[in-house]
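Fold and geometry: a report
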Amino acid sequence: MGKHDDDDGDEKAAWASNKRLSGGGGGKEADDDDDGDALLNPVVKAFCHHVVSQKFRKELDTFFDAGCDDFEEADPDGEHRLEWTEAHTQYVKKVESMLETFCQCHGLDPAAVFTMVQRACSSGVLDDEFLPAILNVAEYRFFVEQMVLMAHEDRNHARAKRLGESSSEESKGDDAANISGVWLLSTKDGNKQLTDVGRGLDRYLRAVGVPPSLHGLFRGTLFSKKGLVIMHEDEDLTLVFDTVTGRHKQVFIVDGRTREIPTIGGTRTPFTCTSDDYGRIRVSSDRPSNLPKGARIVQTWQLLGKFLKCTAEVEKPGGVVAHEFYYRREAPKKSRKGPQKKSHK
């Protein structure tokens, strides 16, 4: 895990942050933060940190890894076999037990905690993926997506690397370059893996509606050992990446048409995907629900020699907030070895 991944210490720190809730300190930056953090009382903050903590995620990943081979043929939006729903029942019991442990530790009623989180979700001020994803961690669709992505991990890595092999030696600006590959966050020159994004990312996170007290959780997702997986073939573009609650897959068609794509929280949001003669791929979230009318969130991907650049921009009527990310290709690693695949008649 990266140095920013949160653990139980972060959960305790969030719980103890009650003294900072008043948003003291003044200044424009503090004022910009008030709307988000004021909606997150200490209980909601601590709950969020608990659900995305290293310990919580590790236990769920262990569960997914042990049973994912039965989900090779599963589709989160398709028909489902009985054994898949039975596996989900066992998964829900595990999640409920883990959440009950949190509530007992802090002397809280589970129903009251979920009510507080739901109230923050419906505010319309916060990032529209984070808190809904926290609530959906036990939902069937989320469960199936995690199982499928774990089962297909080696397959996706192999395909991404194969598609990107032809462009691994391409130079900057080559219109034949392919951004496919398995990528790790790197320094700007692409020579080594980045271990700290510093505070430059905070302005962008505030612009998309992430409360300052949760910025650390978002930074932690950037340092996933599983990497950012990109598969670009013809007009098909597939991204597989870490979120605060698990892996997520998004599939786009690079043709300039707007289509609704589900977020990790389950919300269907209009996206437009385009490319240009320089090999740049532009993915635009055209109507983010928590941003003002006319705002967009745009990611522009471009291969620069042996490394990848992503320019993330929040376009609002009052101006643009941007942040640049750089990635290098992942070094070869051992494939996961799951149990022998079962046959289904």
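So, about the pattern of salt bridges. Overall, the coordinates contain 12 salt bridges when judged by the stated rule. The salt bridge involving lysine 94 is made with glutamate 59; its shortest N-O contact spans 3.4 Å. With a gap of 35 residues between them, lysine 94 in helix H5 (residues 82–105) and glutamate 59 in helix H4 (residues 54–67) connect regions that are remote in the sequence. Through salt bridges with shared partners, one network takes in Arg57, Asp242 and Arg247.

With 24 residues, H5 extends 35 Å between its outermost C-alpha atoms, agreeing within 8% with the 34 Å of an ideal straight helix rising 1.5 Å per residue. Looking at H5, one finds that the buried residues are Trp84, His88, Tyr91, Val92, Val95, Met98, Leu99, Phe102 and Cys103. Downstream of H5 by one or two residues, glycine 107 has phi in the positive range, about 65°.

Okay, the pairing of strand E6 (residues 268–275) next. Sheet topology places strand E5 (residues 258–262) next to E6; 5 bridges connect them, and they run antiparallel. Counted as the bridge partner of threonine 258 is threonine 272 from E6. Where E6 meets strand E7 (residues 281–285), 5 bridges bridge the pair, whose relative direction is antiparallel. What sits directly across from threonine 274, in E7, is arginine 282. Linking two consecutive strands that pair antiparallel, namely E6 and E7, is a turn of 5 residues; a positive phi of about 80° is found at glycine 279 within it.

In this section: the packing of aromatic side chains. Under the criterion given, the structure shown has 12 aromatic pairs. A centroid spacing of 6.5 Å and a plane angle of 85° characterise the contact between phenylalanine 63 and phenylalanine 64, whose relative ring orientation is edge-to-face. A connected cluster of aromatic rings, assembled from ring pairs, spans Phe63, Phe64, Phe71, Trp84, Tyr91, Tyr140 and Phe143.

Atom-level detail of predicted coordinates should not be read off regions where pLDDT is low. The share of residues in the protein chain with pLDDT of 70 or more is 76%, and the mean pLDDT across the chain is 78. Confidence drops under a pLDDT of 50 for residues 1–34, and excluding neighbours within four residues, the segment shows 52 contacts in the predicted structure.

Here asparagine 156 is to be found in helix H9 (residues 153–165). Those residues in contact with asparagine 156 that lie beyond four places of it in its chain are Leu149, Val229, Met231 and Val240.

What counts as what
- Residues numbered from 1 in each chain as written.
- Predicted model: local features only at pLDDT ≥ 70, side-chain atom pairs only at ≥ 80, totals over all residues.
- Heavy atoms only, no water.
- Salt bridge = Lys/Arg side-chain N within 4 Å of Asp/Glu carboxyl O.
- Helix = DSSP H or I, 4+ residues; strand = E, 2+ residues; numbered from the N terminus.
- Expected span 1.5 Å × (residues − 1).
- Buried < 20%, exposed > 50% of the residue type's maximum accessible area, 1.4 Å probe, protein only.
- Pairing = 2+ DSSP bridges.
- Phe/Tyr/Trp six-rings, centres within 6.5 Å; stacked < 30°, edge-to-face > 60°.
- pLDDT = per-residue confidence, 0-100.
- Contact = heavy atoms within 4.5 Å.

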